[in-house]
Each structure stands twice: as structure tokens, then as C-alpha cells.
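The lines below spell out each chain.
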Protein chains: 4
Amino acid sequence: MRFFSDNAAPAHPKVLKAIAAANRIDTAYDGDEWSRRLDGAFSNLFETQVRAFWVSTGTATNCLALAALCPPYGGILCHRDAHIEVDEAGAPAFFTGGAKLMLVDGPGEKISSETLAATVESIRKDVHQVQPKAISITNATYGGLAYRTSEVAAIGEIAKRSGLGLHMDGARFANAVVSTGESPADLTWRSGVDALSFGFTKNGGLNAEALILFRPELAEEVAVYRKRSGHLLSKGRMLAAQILAMLEDDLWLDNARAANAAAQTLANAAPGRLSHPVEANQVFLKVTADEAADLRAQGFDFYDWKPGEIRLVTGWDQNGPATDKLASAIAAL
Amino acid sequence: MRFFSDNAAPAHPKVLKAIAAANRIDTAYDGDEWSRRLDGAFSNLFETQVRAFWVSTGTATNCLALAALCPPYGGILCHRDAHIEVDEAGAPAFFTGGAKLMLVDGPGEKISSETLAATVESIRKDVHQVQPKAISITNATYGGLAYRTSEVAAIGEIAKRSGLGLHMDGARFANAVVSTGESPADLTWRSGVDALSFGFTKNGGLNAEALILFRPELAEEVAVYRKRSGHLLSKGRMLAAQILAMLEDDLWLDNARAANAAAQTLANAAPGRLSHPVEANQVFLKVTADEAADLRAQGFDFYDWKPGEIRLVTGWDQNGPATDKLASAIAAL
Amino acid sequence: MRFFSDNAAPAHPKVLKAIAAANRIDTAYDGDEWSRRLDGAFSNLFETQVRAFWVSTGTATNCLALAALCPPYGGILCHRDAHIEVDEAGAPAFFTGGAKLMLVDGPGEKISSETLAATVESIRKDVHQVQPKAISITNATYGGLAYRTSEVAAIGEIAKRSGLGLHMDGARFANAVVSTGESPADLTWRSGVDALSFGFTKNGGLNAEALILFRPELAEEVAVYRKRSGHLLSKGRMLAAQILAMLEDDLWLDNARAANAAAQTLANAAPGRLSHPVEANQVFLKVTADEAADLRAQGFDFYDWKPGEIRLVTGWDQNGPATDKLASAIAAL
Amino acid sequence: MRFFSDNAAPAHPKVLKAIAAANRIDTAYDGDEWSRRLDGAFSNLFETQVRAFWVSTGTATNCLALAALCPPYGGILCHRDAHIEVDEAGAPAFFTGGAKLMLVDGPGEKISSETLAATVESIRKDVHQVQPKAISITNATYGGLAYRTSEVAAIGEIAKRSGLGLHMDGARFANAVVSTGESPADLTWRSGVDALSFGFTKNGGLNAEALILFRPELAEEVAVYRKRSGHLLSKGRMLAAQILAMLEDDLWLDNARAANAAAQTLANAAPGRLSHPVEANQVFLKVTADEAADLRAQGFDFYDWKPGEIRLVTGWDQNGPATDKLASAIAAL
């Protein structure tokens, strides 16, 4: 039973069905009818005019946003353990042409506005030091926490005041929306977010993320970078169709709700073992090496996060028996 | 009836079926069972040990190869009308970190070894001029011609002699194999090719190309660049499964055979109007503006290549009535 | 006797004197009194408010300008034989992060506004083709011709209309000013030039060029790029002092006048042999291989430009006996 | 009286004299007699065959070395406060095409081999994390400490074992040689250093550093990058001549000896106030804000390093009255 990563989950049946339905002759690249519906669909969802681009990976989505927000010589403030810093093979430097990630600390891989402000303050305003041009936060965080609107807004305030672009890595944005109960609009542009990587792949998609631009003037540059980085698929309708299927009847919310609920089931099994509160679909648990081995012996698969800590990730399809079984096993440790 | 581009074609039903079959829990990225079978499958096909990587676009496949073959400060010799020069938004410069495309002329977008040798010769060997480090040829060419083994080998000879890497853009490699009747091995590594972009998307795939490395030592760098450029899909098995489906029972050859046959049907309709011989699935036809309008009025869709010339591209699913109808219409002009 | 390149000339004694005078304790980088005088000095010269930066090579000066005018994904229109295309080792791609040089033909390495307009027109306005963002012209050209104000203005008009930045490579700007008799202001910003590489090294400097920005808002980015590319010298006053010495009492004009006069002396020796009119300090002469050998046997040193053509370059210090001797030798061929 | 930076010092009279002597017609770029003498001069000094390049800034020298040692996708291990990290505007990312600086801590801006080994160990060996390819250490450190041969060798051992290139930023290499009393060869290639930025500008040069390659096979790439980054000066002889003047009769050692001695004079004035031992020409002193103001009121100029700490840097020309006066003032605090 796999609690290793939501990346490993299957795509939702409705997503496959949508691909099959789009599998007919149509314009190449993004001129097709599905791709052309994205702007409208997301503008509705976000209650404002946005530009939306399909992209096939989260890394590319993040980096297209960053390339639009930060010049080659700029800096991007992010958490020390952000995905863009630790798990993207230097893709932000590649896409931006050499921008520097400037690291900020914080528990649960969350950045507080106070720490962020202090970091910005500490950078000498001269030509010798790289000057920050953008901020990137992750919601839900890699550590399984969710930023609330007020927290995003405090960071958005700093961005505005300092002339920095604000990007949100929302590989698990759905989980954050479900967790906070706040609206997509409040969690993003109303709080100062300029660009959102809106993840679908971890949440039931096959290979489709959406880059949402709340500043439509960035679209021209993003369109060029998407092509230039080899991310303009010739049958882009296959990605657009996935995304539209996820939006239809709020499938994206249903899936995230299921994943979050599964995580809560695990969290409730051993509240004393949690490293952080569980606010999305990731559970960080303090267990000894022997206990971890014990769980593995029972057929559970997960990630050793650090000595004495494991990470359990629940997918959209796991709110059921396997999770209940793991919860019992944890409780029994 | 669309003769605009093979990019616009649907995916083959077997490809969709393979995706559905792979839609279950497995390791993320490329650790899954389908991805792990690629090296073996292509090593069989090419009769030598190769490394094979799935990639979701032709642009990315080409540029990953070029980044592995050419340093940031090097030059890449290619045809003046090569896809990498005219239609990839500068992606080769982006992936390589600034390498320069050095253009070579030739009819039908084909490079002769004589012209290539003369170009190499003309470059001053000093620090002021960019020095070539790689050659990229396209087979079948963008102009619808196929390189034969002897032609590739003559270019391979120059590459070897001058210490240049040799890349083949095989977005329509299948069409070239069918057209020449020569073996994949002869057309590539036995003729000096170091890396092949092996296209499937135009030939019945959904969004999968394969990068084949005949020099396995390049694999480590390609693996890093694939991640770094945002092309390591988390559910990579969905791409691997497509490619394996295309290889099974030679579906890739069947599809290319059908596309080429359709193109021959068009070519035979008006041999005197051909700009080049038709050696793959592209037909360049000399027609007046009035004639083009006439064809369009009959419901045919195609590309105005240049004044007095149109391009017709036939897909894997078009060897049938629509093509016959177009052939008649052409003959009747 | 060397007519090989004005690069090989010595620095003018007044320039060395200025360096010695600046050789005392002062602020590092460009905070010193000499550096701080540059903006004012060039604003006077150009009759408008400019920002001026010292840079130690022409290649860097050109590329700092191009990086400020063109994004990584843009194109730069220039002559096929421009220095940035043929003699800078790909530096424009390096500084801009991958911009593409888009080549324009024209005799004497001069671009006509008609050819330029046609080239701009020919570029498909889509995401697949690189879109031009800047133009770079060279005055005096590498072929020894000078653009007049009216010619620059016609190009400036195209730049304006198409939203392109306009850079002038003025490695031999002084020679063009002397040759045309037109004002620095007319030849540049009044004709639409945004940034000028104002050369001093070939004209009596030791290692100092000036980058003049007619759009002061570019200065912040240029300042960063100068540091980032390793061109912010710690004792920058040594460069500023050279430039100020060159401007003082119009030494730059005197030197260019002498170099141009020497070139005219050579041109007058054999008007029938000239490949182009001589409008600066470069003379392209049609001579046979035997004649070239004959001149070399008499101790003259020069560059074989192409079969049947030699290039003679006259420096600021050569309007005298050596030139007269060469003129006689040419006349006697 | 300036104790702000050795960058602000004048050039040594012998250096100016050498420039004047080289100010005659000669081959452009680096084909001249002075430039051609560099390899030999440094091969003698380092007791092995090296390749030596003049470069006009320390930033460029460091980054040319790093670009030769680290691919665009690699990491460079360096101290958290290294000049390349904090004071070069992202130049390492620019020159390498996006390499990542990986930071290591240590007092006095010195890296211990233990900390370095632990950092290397902590990096996951997969395609998601940037893999280190080079190490850069600074000798003497920015904090005024000198690495001894044994310390460099321990780091060289790690480099060798892990397949990493080893670069030494020797902007103050002369001060380290004088301070340790160890030979240039022992401190560099015999301890595993592949490339050395050998600084002259801070030590009496005007604008000349030398990049020393102990692996001559790197020279071809460095030569290209020097041109490509705009650092191939047309009158390169003016840089070569400076360096040769500095090497002649060990002027570089005499100057560093003087600077170090001046720093010792200051250190001896208040041993209890030192933040680190003084092993080169930089003195970090704990003083209150009032005391700092007091020193400034007496006409001394210096850098506020951090709250409660000032930095004093002594130049080659300061081992005399001004330093004695400052020492007295410090003692009197």
C-alpha cells in the first residue's frame, strides 16, 4: 500500500475519458477549442480576468512563472526547503537565465511575513549583491501546511512594497483551498499573488498543470517561454481537456477533499507523533526506525523524511480501506 | 479535410489503450516498469546498446540532444530552414546556453556533404569566431526528402573528422525508414549519428517522442537536462506506454507506410507540379493562388508555403477517401 | 609598417598622462570623481541628458547594450558581417541569455532601411519564430562606410514603428563623425538610437570604451550587467580618466581626423582599386596575390580580406611618412 | 586616512612604468610579446607547466575558472560569505550558465574539510538535486585568514575523491603566501587546486589579475570564454606588462609583505579586540559605535562590518605613518 507520493497515483477515470473525447482532428498546439476555453474557465473560477496556460509538469509551470517575474540577474525569495530549491535540479536558474534563489527559514516549510521582511531588509542595495525581484511561496507547503488568506496577504504586502513579483507554487493548491475553506480568489490575486502554478497531476490529472496569470500582460512572455523551453505540445488539446475535466463539477475539489480526509484519518491515529499540524494531504510522523520497519513489514510504503521522521502522502484515491488499515497500524505502534 | 499538419492528427487507438492500461499506481518519474523497458526495446530495434528517454515534444527532444552534444559557446551546423532554426523559438540557444546555429543551404532542406564540408572549412579557427561542435540533420527533411544511409554516412564522416557531434531530428524518422527501406541502425549510428530524436507524436502517438543516445555516456547529462528543463513528467509511464505501443508489432512502420502512401497518391496526381520528389509524407506543390483557392473551396485545408507553392501533409490516418478526393481535385486543376 | 588594425596602435600620450594623474587613492569601482564626471561630459557632447558607463572592451560595450535592449528570447537584426555576428565568439548570445542574431545583407557592411524593413516584414508573427526586439548597426561600418544622419533616421523610424531598440556599434564612431561632418547628437538619439558603443581604444585610448544610454531608464540594468559580467573594474577611475582625456580639447576628433586623412591618402593612391568608397579609416583594395606579396616585401603589414582584396587600417598615429610610403607603393603597383 | 579597501589603493609606480614601456605598436589581443611570456613566468613561479591568462577583474577571473570547472547544471561548494556568493552580482551563475552555489559555513570565512565533507555527503545523488561539480575556496579568506597547505590539501582530497574541480580565489593570494611562508606550488596544485585566481590589482596592479590553470587542458575553453564574455582586451599587452612587472624581483611579495605588516601593526594595538587572528591584510575589530565614531573623527576611514565590528584593510602602500597613527588611536580607545 503506497503512501509514498501523490505523484504515483493513477489519473482519474474522467480525465482519461476527456482525453479520449479530445482525440480527434483539431488545430495543433493551443489553437484548439479545449485550449481556447481555459482562460474563460479559470477567469470564472478566480472571479477575475486571468490568462491560463496548460503545462505538462509542475517544475515547468513554476519556472515559466518565475521567468516571467524575475530577470536573469534577479533574486527569488523562497523557503529553504521549497521544491524549486531542493527538487528541481536548478530549473529556476535555467529558465530565468541565472536568477538566484534567496532562502528563508520557517517551520513546516512555511514563510512568515516577518522573516521574509527581515530577509529583504538584510540585502544591501547595491550592484554587488543580487537584488530580489520575486517571491515564491508554496500552498499547501511541502511540509503539509496551508497558508491562509491573511498570511498570503501579509506576504503580498511585502511584495508590493518592495516591488517584487509574487508566485504561488500550487502543486497542491486544491488541498489548500479545501483545507482553508477560503476562495481561490482570496488565496491568490486578492492577496497579491501574480502567478499561480495550479496543480492537477497530483490530484487526478494525467500530466497537466495550469499556469494562471493574474497579470495578463505577462502572457506574451509566458507563451514564448513555453515554446522556447519545449513545452508547447503539438496536441495540447490533450492537456486542456484534462484540466477542463478536473474543473467540471468541481472534481478537483472532490479529489482534494478525499486526499485531505485520508490524511486526517492518519493524523488522528497518533496526534502525539505529528511533526506539524496536518493541513493538507501530507502527514509527517515521528517514529523510530524500528517502528518504521514494522509499518513497512505490514506492506506500507512511504518516505523516510529524516532520522526519526517519516512522510505519508495520501492521494485522491486513497480515502478508504488502505488508509484505515494504516491508521490502525499507526495507532497500534 | 485537413492536410495541414500531421501534428493535428488524433492518437492511434492502441496508444490510448496503452495509456489506460498504464493508469495504475506505480513509481513516479521514470522508475516504473514501462520506462525501464525503453532501453531494451530500442536497443533491439537499433541492434546496439542505446539509452532511450521519453520526452513530450520534438522541440525538447532535439534540444536535449543538442545540449548534450554542444557546449554553450559552440556552433551547430544545420540547414537554413531546419525546424530548430525557424520554428523552435530559439529553443536550441535556450537549452545549450547560447550555442549558435550555423546555416547551410541545400534544396529540399537537405544538406549535402560537400556544402557542409565547405561551410566547416570557411570558419576561421580562432577565438573570435564561434567554432562548430555539432551537426543536426533532419530525416525525413522538413522539405519531404529522405536521407539515404550513404548520404548520412558522408555527413557522419565529416563529423568524425572534425570532432563534431551528429544529431538527427527524426520527427518523421519513421517516414524516412519506410521510404528508404534502409534499417534504423544503418540510417543512424552505423552512419555516425550520435543522437536521434525519434518522433512518435506525428505518427500516431499522443505526446511522446524518444531521444535515442547511441553514445550511452551522454545519458547522465541528458537525464539532468530533462529534469532541469521541466521535462521529467511525474507520471512518465504514460509516455513510455505510448512508445511501447507504437513499437509493438511495428505499429510505427504501419502508420508511416500509410502516411507515405497517401502522399504518393497526391504526388501521382500531378507529377509536374512537384517542387521536390516526394520521399515521405509531405508534398510541395506548385499551384497558382487561384488553384489554391479552388482546392480550399472544395474543403481542403493546407499551408501556403510560399508564393505559388502549397504544402500538403498526410497523417497516419489519411490513406483513404479524403486523400483520393484531394488527388482527384489536384488532377482536375 | 603596420596597417593591420587600429587595435594594435599605442595609446595617446595624453591618455597615459591621465592615468598617471588618476593614480591616487580614491573610491573603488565607479564612485570616484572621474567616473562621476562622465554623465555630464557626454550629456554636453550629445546635447541631451545621457547616462555613460566606462567599459574595457568593445565586445562588452556592445553586449551590455544589447542585453539591455533585447530579452533572452528576442532577436537582434544586424548585418551579416557585423562584428557582433562574426567576431565576438557568440558574446551577444552570452550576455543576452540566448538572443538570436538575425542577419541582413548589404554592400560595405551597411544596412539599408529598405532591406531592413523587408527582413522585419518576413518574420512570421507567432510563437514559433523568434521575434526581433532590437537592431544593431555599426558606424563607421566594418567595411569602412559611414552612415549619414538621414540613413540612421530611416532605420530609427523602422525601429520605432516596430517597437525595436536601436543600438549603434561605434567602435569607430569618431571616424564617422569626422567623415560625415554631422553632429554626435544627429547621428544618434535624434535619429532614434537608444544606446551607443562609443569607442576610444582604437582611437588613442588604452582600454576604455563608453556605453552611452540615451534612454537613462536602461542604466540600472546596465549597471547590474556590468558587474555581473565581471566588467566593474575596482579602479574604474583609470578608465574614466582615459575617456575624459580623449574628450578634452576634442582629442578624439583630432585623432579620428588624422586616421581618416591617412586612409584618404591611401585611397587617392589608387582610386580604381577601391572596393568601397573610403569614408573612415579603413581601405579595402583590390590587389592580386602577387601585388599583395610585393607590398609585404616592402615591409607593409595588412590583412588579406578575401581572395583578391586586402584591408588597410590607419591609426590615429599614422598620418605621416609610413602612410605616404605605402601610398606610393600602391600607386606604383 | 583610508583603511577602507585595498581596491582603492594606487597602482605601484613600476606598474605604470611597465605600461608606458609596452605602449608601442604590437599585435592586438594576446599575441604580443608580453602576453606570450606569461605562461613561462608563472610556470617558473609554480614549478610546473601552467597556462596563464590576464583578466581585468577578480570577478571575471573567478568566473572564467568556475565556468571551466562546472557545467551549467552543476553546483559549486563555497563559503556562505565567499565573494562569489555575496559580492559578484550573480556572476558565477551568469558565466556558468546557471550553476548553483552550495553554501558551507565556517568561522573567518574559512571552510574546514570536515564541514565540506559533510555537505557533500548530504546531497542526494539523484536527478532532482543539483550535484556539486566544483569547490571554490578563498585564500587569504575574505575574513582575513590564510589556508595552510595542509588545509588546502585536505580539501583537495575531498575534491579528488568526489570528482570535483577545485578553484582558489586568490584575490589576496600574495598575502596568503607571505603569511603562511609556504610556496605557491604547495598552496595550490600540489594540494589539488586546479585553477587559481591570482590577484594583482589589490596588491599594486592597475587592472590586472591572472588566471592560472594547473590543468592546461582547460585553457582552450577559458580562452573562448574570455573572448565570449568581452574580456579579451585588444591591447592586452597593457595587462600582461603589469603582471610581469609585479612578478619581477618579487614585487608582488614585497607589496604583500608591507600590507601584512601594516595589518599586524594594527592587530598588535588591541589584541583583545580582534574577531579573528590577523593572517593577511585585513583586521576585524570589535569596537562600539562610539569608538568607531571616535576613530572616524580622527580622520580614519573604514567599513562597518556588522554591529560592533569594523573592518580595516591595509594596502601595499600603507606600512608607515598613517598605520602607526591608527594603531595608536586604537590603542587609546
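Residues numbered from 1 in each chain as written. Chains lettered and ligands numbered in written order. Predicted model: local features only at pLDDT ≥ 70, side-chain atom pairs only at ≥ 80, totals over all residues. Heavy atoms only, no water.

(A) Examining the overall build of chain A more closely. The number of helices and strands found in chain A is 14 helices and ten strands. Taken over C-alpha atoms, the radius of gyration comes to 20 Å for chain A, in line with the 20 Å a tight globule of 333 residues would show. Each principal axis of the C-alpha atoms in chain A carries an extent, and together these give about 55 × 55 × 30 Å. Across the 333 residues that make up chain A, the buried fraction comes to 66%. A separation threshold of at least 6 residues defines the contact pool for chain A, and within that pool the share at least 24 residues apart is 75%. Roughly 10700 Å² of accessible area belongs to chain A as shown, and the carbon and sulfur atoms make up 51% of that amount. Of the charged side chains in chain A, 32 are positive and 39 negative; the average position of the first set lies 3 Å away from that of the second. (Helix = DSSP H or I, 4+ residues; strand = E, 2+ residues; numbered from the N terminus. Rg over C-alpha atoms; globule rule 2.2 N^0.38 Å. Buried < 20%, exposed > 50% of the residue type's maximum accessible area, 1.4 Å probe, protein only. Contact = heavy atoms within 4.5 Å. Areas by Shrake-Rupley, 256 points an atom, 1.4 Å probe, with all protein chains shown as cover. Lys, Arg positive; Asp, Glu negative; His and termini not counted. Charge placed at Lys NZ, Arg CZ, Asp CG, Glu CD.)

(B) Highlighting the sheet that holds strand β6 (residues 195-199) of chain D. Residue and element names in this part refer to chain D. The strand order across the open sheet built from seven strands is β1-β7-β6-β5-β4-β2-β3, with neighbouring strands paired in mixed fashion. Edge positions in the open sheet fall to β1 (51-55) and β3 (100-104), since each of these has one partner strand only. Mean inter-strand twist for the sheet, computed between neighbouring axes without regard to direction, equals 25°. With respect to the sheet, helix α3 (residues 58-69) is in contact with β1, β2 (74-79), β4 (131-138), β5 (165-170), β6 and β7 (209-213), its orientation differing from that of β5 by roughly 175°. (Pairing = 2+ DSSP bridges. Axes fitted to C-alpha atoms, helices over the stretch in contact; angles between N-to-C directions.)

(C) Spotlight on the interface of chain B and chain A. Taken together, the contact between chain B and chain A spans 44 residues of the former and 44 residues of the latter. At the boundary of chain B with chain A, total buried surface from both sides reaches about 3600 Å², with 57% on carbon and sulfur atoms. In terms of surface lost to chain A, no three residues of chain B exceed Phe-94, Arg-228 and Lys-235 of chain B, which account for 21% of the buried area on that side. Here chain B and chain A share zero salt bridges between them. Inspection of the chain B/chain A interface yields 33 residue pairs in polar contact (both at pLDDT 80 or more). Elements with a contribution of two residues or more to the side of chain B that touches chain A: α1 (13-21), α3 (58-69), α5 (91-96), α10 (219-228) and α11 (237-247) of chain B. No other element matches α5 of chain B, which puts four residues into the side of chain B that touches chain A. Here the side of chain B that touches chain A is composed, by residue class, of 21 nonpolar, 13 polar and ten charged. (Buried area = accessible area lost by both parts, 1.4 Å probe. Salt bridge = Lys/Arg side-chain N within 4 Å of Asp/Glu carboxyl O. Polar contact = N/O pair within 3.5 Å; in protein donor to acceptor, adjacent residues only side chain to side chain. Nonpolar A, V, L, I, M, F, W, Y, C, P; charged D, E, K, R; others polar.)

(D) Structural view of the environment of Asp-324 of chain B. Its place among the elements puts Asp-324 of chain B in helix α14 (residues 321-331). Residues Asp-324 of chain B and Ala-20 of chain B lie 304 residues apart in sequence; the distance between their C-alpha atoms is 34 Å.

(E) Quick look at helix α8 (residues 173-180) of chain B. Residue and element names in this part refer to chain B. Counting buried residues along α8, six of its eight residues qualify, which places the element largely inside the surrounding structure. Those residues of α8 not exposed but buried are Phe-173, Ala-174, Asn-175, Ala-176, Val-177 and Thr-180. Its buried side turned inward, α8 meets α2 (33-46), β5 (165-170), α9 (184-187), β6 (195-199) and α12 (251-269). Directly after α8, the chain includes Gly-181, whose backbone phi takes a positive value near 70°.

(F) Quick look at the sheet that holds strand β8 (residues 282-286) of chain C. Residue and element names in this part refer to chain C. Spatial strand order, β8-β10-β9: three strands in an open sheet with antiparallel pairing. The sheet is open, and its two edges are formed by β8 and β9 (303-306), each paired on a single side. Neighbour-to-neighbour, the strand axes of this sheet turn through a mean angle of 35°, independent of strand direction. Examined bridge by bridge, β8 and strand β10 (residues 309-313) share five bridges and lie antiparallel to one another. Following the sheet pairing, Leu-285 is matched in β10 by Ile-310.

(G) View of the nonpolar core. In terms of nonpolar packing, the biggest core is built from 122 residues, with Phe-42, Phe-198 and Ile-212 of chain C together with Phe-42, Phe-198 and Ile-212 of chain D touching the most fellow members. Contact partners of Phe-198 of chain C, with chain neighbours within four places excluded, come to Phe-42, Leu-45, Phe-46, Gly-170, Phe-173, Glu-209, Ala-210, Ile-212 and Trp-252 of chain C. Of all hydrophobic cores here, the second largest spans 120 residues; its members include Phe-42, Leu-116 and Ile-155 of chain A together with Leu-206 of chain B. (Core = buried A, V, L, I, M, F, W, Y, C linked by side-chain atoms within 4.5 Å.)

(H) Structural context of the pattern of salt bridges. Inspection of the entire model under this criterion finds 74 salt bridges over all chains. Arg-124 of chain D is the salt-bridge partner of Asp-126 of chain D, the closest N and O atoms lying 2.8 Å from each other. Taken together, the shared-partner salt bridges connect Glu-47, Asp-186 and Arg-190 of chain A into one network.

(I) Local environment of the relation of the copies chain B and chain A. Take chain B, turn it by 180°, move it 0.0 Å along the axis, and it overlays chain A with an RMSD of 0.0 Å. Both chain copies can therefore be described as sitting about a two-fold axis. Across chain B, the smallest distance between a C-alpha and the rotation axis is recorded for Ser-229 of chain B, namely 3.4 Å. (Least-squares fit on C-alpha atoms with pLDDT ≥ 70 in both.)

(J) Summary view of the relation of the copies chain C and chain A. By a simple turn and slide, chain C fits onto chain A: the slide is 0.0 Å along the axis, the RMSD is 0.0 Å, and the turn is 180°. A high fraction, 100%, of the interface residues of chain C reappear at the interface in chain A, so the copies pair face to face through one surface.

(K) Spotlight on the interface of chain C and chain A. Between chain C and chain A, the contact holds 16 residues from the first and 16 residues from the second. Between chain C and chain A, a total of about 1500 Å² is buried, with carbon and sulfur atoms accounting for 63% of that surface. Seen at the junction of chain C and chain A, the total is zero salt bridges. Counting the contacts that link chain C with chain A gives six residue pairs in polar contact (both at pLDDT 80 or more). Element by element, the count of residues in the side of chain C that touches chain A is highest for helix α10 (residues 219-228) of chain C, at seven residues. Here the side of chain C that touches chain A is built from residues that sort into eight nonpolar, three polar and five charged.

(L) Broad picture of the packing of helix α11 (residues 237-247) of chain D against helix α12 (residues 251-269) of chain D. All names here are of chain D. For the pair α11 and α12, interaxial distance at closest approach is 5 Å and the crossing angle is 70°. With respect to their mutual orientation, α11 and α12 come out roughly perpendicular. Of the residues in α12, those touching α11 at Ala-245, Met-246 and Leu-247 are Leu-251, Trp-252 and Asn-255. (Parallel < 35°, antiparallel > 145°, perpendicular 65-115°, else oblique.)

(M) Quick look at helix α11 (residues 237-247) of chain C. Residue and element names in this part refer to chain C. The element α11 is largely enclosed, with a buried count of eleven among its eleven residues. Within α11 the residues assigned to the buried category are Arg-237, Met-238, Leu-239, Ala-240, Ala-241, Gln-242, Ile-243, Leu-244, Ala-245, Met-246 and Leu-247. Of the surrounding elements, those touching the buried residues of α11 are α1 (13-21), α2 (33-46), β1 (51-55), β7 (209-213) and α12 (251-269). Just downstream of α11 lies Asp-249, where phi reads positive at about 55°.

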